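Structural characterization, general
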Amino acid sequence: MSRPSPSVDFFSAFVTPKSEGSSIPVVSPAVVAFLSIALAAAYLFTTSPVRHILAKDGSRVPPGPIGLPILGSFPFLTSYPELTLDYWAKKFGPLYSMWLGNQFFVVISDPVIAKDLMVTNGAVFSSRKEMFIKSQTVFAGRGITATPYNDRWRKHRRVATAYLNYRAVDTYTHVLDFEADVLMKELFIQGKAGASPINPQPHAGRCSLNNMLTIVFGIRTNSIDDELVKTALRLSREFMNCTGPVSNLVDFVPFLQKIPTFMRSRGRHLHGGLIGTYGGLIKDIETQMNRGEDVPDCLAKSMILARQEEGLDDTDMAILASAFMIGGVETTAAIMQWFSALIPAYPEIQAKAHAELDRVIGRDRMPGVDDEKNLPYIHAIVKEVERCHNPFWLGTPHFSTEDFNYNGYFIPKDTVVVLNTYTMHHDPARHPDPTTFDPDRYINDSTTSAESANLANANERDHWMFGAGRRICPGMIVAEREIWLTIARMLWCFRMEAIPGEPIDLKEYDGLSGRSPMPFRIKCIPRDENVAKVLEL
Ligand code: HEM
């Protein structure tokens, strides 16, 4: 895979193109005004004590880019921020710092440092900064994903884990199994048994959505044209585009938070959409329960029953449900989509996967959850897709709650800590020839990602897609099962081919926090007549 170059050419963004026939760049008056203000501010800012934080013992913060007055390094992170962070990791080392507006960041690009800080010192590095757009505006200060490390978070994490631990996931694995079957049927039918090109994205989206709808509300949808599918996928996509961890200047320049901005109104609109849609579904369930009607077991029902004991109000419940519907939909669907987008380019990898499936499973049934341990190559394909196409290159940043000294560097309280998974996933020492898609690199790794996250040697962890430490994704177990069932079955059912003349772009993506591929079409060609028979079509 080739990569676009990092977006570090700041001045080209401010200088209009050369006029024809002239060799001098034309600078607009607005830019002159901006630079004058910036230079005036530079004096105050660069002499301010905040630029030179020192610990009491004189130790300095980790090195890093100097940045600009007021904005810090923000302008360098506008497009492909992961590539700029990767560029700086190579320049400044595995632990570096930067300012975005008034916020101090450290960026971790090494597994051992990630474990030392986020896991071993989890008591200090497990909070979240209350970002203006994501935490304060969209989630209204609630929501497990965005809340600081406090009792409210503990309560939400307890409620969430009760639905996401191994025992709980076992109770609804039949749902994941069923929805994976439905996805195969849709790819078969909508793709006219391989005769028509198909974009698998909305179908993958509905598969993930139905899993979460069943777990959270005890309902499902019947078609990608269902209004709830359209609304839910639109809300998730909007969330991914509004909440990039380094993409909203308003998060880091406080005076912008006092004035009406486009991002603030977008955030408020999204908050209204989440409360209206998911809060509305909870209200419907509560009404049914009050009428004495039978309601299937689901997260919403549990929250309603436990609301007094857990002290949950309506907004808490709507936002916790939203965290599941956002955290659990565009994420797993993104991995299915990245898989479908990249696999047509690798017929030899598909052939090897088909051979393993035919040898171990045969052609009379599709693989299930229990077959994973006997299908090491398919298991390796899944891990390699996750390494190459982590939907969250910058994870969900943590926030420090105490001053901390690490290897001679000072990390002050209230520092945002970013896990730079792009650099970690492309480290040639850990993953030789890192830009090549090569499942064989994982062929001897039989761990689940949940197990791998607990390995004593952080350098042996498969990948960092699910984050680290006390805030590690609690949805890992259900996510892995869902991804396994869909990818293993797509390989069992189909030969997946690109459409001649329609190249699939794996460099561009949609989303600022969670990334999905840009729309694409492929052919899903059933491998033989057993596919229709097994799918009962
Ligand atoms: C491919 C699938 C998924 C990916 C890549 C993913 C990734 C992540 C990441 C990076 C975090 C932040 C971890 C950290 O702070 O270190 C996170 C947190 C979270 N995820 Fe996932 N996730 C996935 C699936 C799911 C699913 C299926 C659910 C729910 C059913 C879920 C629910 C959550 C929740 C509630 C949090 C917040 C945890 C907290 O702040 O304490 N995720 N996820």
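Residues numbered from 1 in each chain as written. Predicted model: local features only at pLDDT ≥ 70, side-chain atom pairs only at ≥ 80, totals over all residues. Heavy atoms only, no water.

1. What about the overall build of the chain?
On a plain count of helices and strands, the chain comes out with 20 helices and 8 strands. A burial count over the chain gives 56% of its 537 residues as buried. By element, 57% of the accessible surface of the chain is carried by carbon and sulfur atoms, the whole surface being about 22,700 Å². (Helix = DSSP H or I, 4+ residues; strand = E, 2+ residues; numbered from the N terminus. Buried < 20%, exposed > 50% of the residue type's maximum accessible area, 1.4 Å probe, protein only. Areas by Shrake-Rupley, 256 points an atom, 1.4 Å probe, with all protein chains shown as cover.)

2. As for the environment of Tyr166
Examined against the element boundaries, Tyr166 turns out to sit in helix α7 (residues 166-190). When the C-alpha atoms of Tyr166 and Met490 are compared, they prove to be 25 Å apart, with 324 residues separating the residues in sequence. Once residues lying within four places of it in the same chain are set aside, the contact partners of Tyr166 are Thr448, Ala450, Ile477 and Arg481. (Contact = heavy atoms within 4.5 Å.)

3. Observations regarding the pattern of salt bridges
Summed over all chains, the structure comprises 31 salt bridges. One salt bridge in this structure joins Lys301 and Asp297, with 3.2 Å as the shortest N-O distance. Residue Glu497 is joined to Arg495 by a salt bridge in which the shortest nitrogen-to-oxygen separation is 3.1 Å. On the basis of relative accessibility, which here comes to 38%, the residue Arg495 falls in the partly exposed class. (Salt bridge = Lys/Arg side-chain N within 4 Å of Asp/Glu carboxyl O.)

4. Comments concerning the pairing of strand β2 (residues 103-108)
The buried fraction of β2 amounts to 6 of the 6 residues, a majority that puts the element mostly inside the structure. Side-chain alternation along β2 places Gln103, Phe105 and Val107 on one buried face and Phe104, Val106 and Ile108 on a second face that is also buried. Here 6 bridges tie strand β1 (residues 95-100) to β2, and the two strands are oriented antiparallel to one another. Counted as the bridge partner of Leu100 is Gln103 from β2. Taken together, the 4 bridges between β2 and strand β6 (residues 416-419) define a ladder with parallel strand orientation. By the bridge assignment for β6, Val106 is matched with Val417. (Pairing = 2+ DSSP bridges.)

5. Focus on the coordination of the iron atom of the ligand
Within the protein, a single donor atom binds the iron atom of the ligand, namely Cys473 (SG) at 2.3 Å. Position of Cys473 relative to the elements: it lies in the loop between α18 (449-452) and α19 (476-493). (Donors = N, O, S within 2.8 Å, 3.2 Å for Na, K, Ca; no water.)

6. Quick look at the packing of α7 against helix α8 (residues 201-217)
The contact between α7 and α8 brings their axes to 9 Å, and the two run at 155 degrees. Between α7 and α8, the crossing angle belongs to the class labelled roughly antiparallel. Of the two possible hands of crossing, α7 and α8 adopt the one that is right-handed. Facing Tyr172, Val175, Leu176, Glu179, Ala180, Val182, Leu183, Glu186, Leu187 and Gln190 of α7, the residues of α8 in contact are His203, Ala204, Arg206, Cys207, Asn210, Asn211, Thr214 and Ile215. (Axes fitted to C-alpha atoms, helices over the stretch in contact; angles between N-to-C directions. Parallel < 35°, antiparallel > 145°, perpendicular 65-115°, else oblique. Left-handed = near helix turned anticlockwise from the far one by under 90°.)

7. Examining the packing of aromatic side chains
How two aromatic rings sit relative to each other is set out by the distance from centre to centre and by the angle between their planes. Taken as a whole, this structure holds 12 aromatic pairs when the rule is applied. Considering the side-chain rings of Phe105 and Phe252, the 5.6 Å spacing of their centres and the 75 degrees angle between planes classify their relative orientation as edge-to-face. Within this pair, whereas Phe105 is found in strand β2, its partner Phe252 is found in the loop between α9 (227-242) and α10 (254-257), the two being separated by 147 residues in sequence. Accessibility assignment for this pair places Phe105 and Phe252 in one class, buried. Seen from their ring centres, Trp393 and Tyr422 are 4.9 Å apart, and the 75 degrees between their planes marks the pair as edge-to-face. Of this pair, Trp393 sits in the loop between α16 (376-388) and β3 (398-399) while Tyr422 sits in helix α17 (residues 421-425), placing them 29 residues apart in sequence. Like Trp393, the residue Tyr422 is buried in the burial classification. What links up through ring pairs into an aromatic cluster is the set Phe76, Trp88, Phe92 and Tyr96. Lying across the ring of Tyr149, Arg154 places its NZ or CZ 4.9 Å from the centre. When the ring centre of Trp464 is taken as origin, the NZ or CZ atom of Arg461, which lies over that ring, is 4.3 Å away. (Phe/Tyr/Trp six-rings, centres within 6.5 Å; stacked < 30°, edge-to-face > 60°. Lys NZ or Arg CZ within 6 Å of the ring centre and 35° of its normal.)

8. Things to note about the UniProt feature "binding site: heme" (unreviewed entry) in the chain
This chain's UniProt record puts "binding site: heme" (unreviewed entry) on Cys473. The class of Cys473 is partly exposed, set by a relative accessible area of 26%. (UniProt positions renumbered as here; feature names shortened; annotations may be inferred.)

9. Some remarks on the sheet that holds β3
As summarised here, the arrangement of the 4 strands in space is β1-β2-β6-β3, forming an open sheet in which the pairing is mixed. Strand pairing shows two members of the sheet lacking a second neighbour, β1 and β3, which therefore form its edges. Along the sheet, helix α3 (residues 81-92) contacts β1, β2 and β6; its crossing angle with β1, the most-contacted strand, is approximately 130 degrees.

10. Focus: the site of the ligand
Around the ligand, the structure places 27 residues, and the nearest of them are Arg128, Trp153, Arg157, His398 and Cys473. In this structure, Trp153 approaches the ligand through a side-chain N or O atom, which is 2.8 Å from an oxygen atom. The contact in question runs from an oxygen atom of the ligand to an N or O atom on the side chain of Arg157, over 2.8 Å. Residue assignment for the shell around the ligand shows that the elements contributing at least two residues are α6 (151-164), α13 (314-327), α14 (330-342) and α19. Taken together, the residues of the shell around the ligand break down into 15 nonpolar, 9 polar and 3 charged. (Near = heavy atom within 4 Å. Polar contact = N/O pair within 3.5 Å; in protein donor to acceptor, adjacent residues only side chain to side chain. Nonpolar A, V, L, I, M, F, W, Y, C, P; charged D, E, K, R; others polar.)

11. Describing the side chain of Thr331
With respect to the helices and strands, Thr331 occurs in helix α14. A distance of 2.6 Å separates the side chain of Thr331 from the backbone oxygen of Gly327, its partner in a polar contact. Setting aside residues no more than four positions away along its own chain, Thr331 makes contact with Ile326, Pro391 and Phe392.

12. Topic: the pairing of β6
On a regular strand, each side chain points to the face opposite its neighbour's, so the side chains alternate between the two faces of the sheet. In β6, alternate side chains face the same way, and those of Val416 and Val418 on one face and Val417 and Leu419 on the other are all buried. Inspection of the sheet shows β3 paired to β6 by 2 bridges, in the antiparallel sense. Note on β6: the bridge partner recorded for Phe399 is Val416.

13. Section: the confidence of the model for the chain
Taken as a whole, the chain shows an average pLDDT of 89; of its residues, 90% reach a score of 70 or greater. This stretch, residues 1-32, has a pLDDT under 50; its non-local contacts, to residues over four places away or in other chains, come to 38 contacts. Contacts from residues 42-51, a stretch scored under 50 in pLDDT, to residues over four places away or in other chains number 12 contacts. Across the whole predicted complex the pTM is 0.90, and at the interface the ipTM reaches 0.99. (pLDDT = per-residue confidence, 0-100.)

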